Amino acid sequence: MSAQGRIREQARWARARLGRGGPPLDLLTAHFDRHVYAPHAHREFTIGVTVGGSEVIAYRGGQIHSYPGSIVVLEPGEMHTGGPAAREGYAYQALYAEPSLLTDGTLGGPPHFRDPVLHDPELATALRAAHTDLSACPDPLEAESRLPWLLTALARRHSTARASEDTVPGADHIARAVRDRLADELLEPPSLTALATDLGLSRYQLLRAFRTTMGVPPYAWLAQHRVTKARGLLEAGLRPAEVAGLVGFADQAHLTRWFRRVLGVTPAAYRNSVQDAVG
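Not measured: the values here are computed from a predicted model.

Visitor: It is not clear to me how empty space enclosed by the protein should be interpreted in this structure. Could you clarify?
Guide: To locate leftover empty space, one rolls a probe as large as a water molecule over the atoms. The full count for this structure, using the stated rule, is 2 cavities of 30 Å³ or more. Considered as a void within the structure, the largest cavity measures approximately 80 Å³ in volume. Considering the residues around the largest cavity, the lining is formed by Asp139, Leu141, Glu142, Pro189, Tyr219, Leu222, Ala223, Arg226, Phe249, His254 and Trp258. Among the secondary structure elements, those contributing two or more residues to the lining of the largest cavity are helix H3 (140-158), helix H7 (218-235) and helix H9 (252-263). The element best represented in the lining of the largest cavity is H7, accounting for 4 residues. Of the residues that constitute the lining of the largest cavity, the class distribution is 7 nonpolar, 1 polar and 3 charged.

Structure representation (structure tokens):
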């Protein structure tokens, strides 16, 4: 194969909404062998994880380099470029976050990142997983449960921002109230922002209270609740494609992903096994 044939210039955009009716957040998955970005700036924070190769970026009057596992944070309004640092090109996943998403759960105003290239394997892995899952299925509650939480962690660990108080009085009561609302409205769950406003909390405080009490974020609790509902419908003879919409999953693939996570089998395999048992 010629060198020309091996060139991979790929970019795929996805858009997730942070809660039902909430603001959009863009996600980019890219691999470039040759592409070099012209100098430009974004109004949002650009937060990327390098997944292959190496990239060189002109930034703040110098050059920075990223490698697999690096988290790169480019601040709003900062001019920058981006291009391959070696022949193998570079691949990365990036998201574009409004500054307010990095101030919930912190004090001291908008965060400043003195070092734009960060080494934090745990956070890099979590950002990659969330990016991959939400690019494939941009569920609004999942996006609002995962991304603001991770962006707060990023600001707390690596920026000039200070962590706010984590203790949330009445966390058990808050978590139960949120749980009940999600269960009652599983087809069109309210946004966490709306729930937090109703409870007189910030979204970060709500997430902290829920995760502390339930052991999982709201989207994961709701997904498991939906799986429980789906089991009953499958046992009644309904097909997975029908069941997905009836319990609030985006489609059959979304149902299958969670069904396997919770029960270890696909909805179709589960339906066949319980139908065989009945027979």
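Picking up after the structure, the text goes on.
Visitor: Would you explain the packing of H7 against H9 in this entry?
Guide: Describing two packed helices takes the angle between their axes plus the distance from one axis to the other. The geometry of H7 relative to H9 is characterised by a closest axis approach of 9 Å and an angle of 95° between their N-to-C directions. By the angle between their axes, H7 is roughly perpendicular relative to H9. Across from Tyr219, Ala220, Ala223, Gln224, Val227, Ala230, Arg231 and Leu234 in H7, the residues of H9 making contact are Leu255, Trp258, Phe259, Val262 and Leu263. For the contact of H7 with H9, the residue count by class is 11 nonpolar, 1 polar and 1 charged.

Visitor: Sorry, what's going on with the nonpolar core here?
Guide: Core analysis: the largest hydrophobic core is formed by 35 residues, its most contacted members being Val178, Leu182, Leu206, Phe249, Leu255, Trp258 and Phe259. Those elements that place two or more of their residues in this core are H3, helix H4 (171-184), helix H5 (192-198), helix H6 (203-214), H7, helix H8 (240-247), H9 and helix H10 (267-278). Of the residues forming this core, the biggest block, 8 residues, is contributed by H7. In this structure Val178 touches Leu195, Leu199, Leu206 and Phe210, once residues within four positions along its chain are discounted.

Calculation criteria
Here, residues in each chain are numbered from 1, in the same order as that chain's written sequence. Note on the predicted model: pLDDT of at least 70 is required for a residue's local features to be given, and 80 or more for side-chain atom pairs to be given and counted; whole-chain, interface and lining totals, by contrast, use all residues. To obtain the side-chain values, all non-hydrogen atoms of the structure were included, while hydrogens and water were left out. Put simply, the grid is 1 Å and covers the protein atoms alone, a cavity is a trapped set of points that fit a 1.4 Å probe, a pocket is an open set with protein on both sides within 12 Å along at least five of seven lines, and lining residues have an atom within 4 Å of a point. Grid points are joined across faces, edges and corners, and a volume is the space filled by probe spheres set on the points. Segments assigned H or I by DSSP are reported as helices when at least four residues long, segments assigned E as strands when at least two residues long, and all are numbered from the N terminus. Gly is put with the polar residues, along with every residue not named as nonpolar or charged; the nonpolar set is Ala, Val, Leu, Ile, Met, Phe, Trp, Tyr, Cys and Pro, and the charged set is Asp, Glu, Lys and Arg. Axis definition: a line fit to C-alpha positions, over the contact stretch in the case of helices; interaxial angles, taken between N-to-C directions, run 0 to 180 degrees. An angle below 35 degrees is read as roughly parallel, one above 145 as roughly antiparallel, one from 65 to 115 as roughly perpendicular, and any other as oblique. The contact criterion used is simple: two residues touch if any of their non-hydrogen atoms lie within 4.5 Å. We define the nonpolar core as a collection of buried residues of types Ala, Val, Leu, Ile, Met, Phe, Trp, Tyr and Cys that are connected through side-chain atoms lying within 4.5 Å of one another. Only protein chains enter the accessibility calculation, which uses a 1.4 Å probe; a residue is then buried when its area is under 20% of its type maximum, exposed when over 50%, and partly exposed in between.

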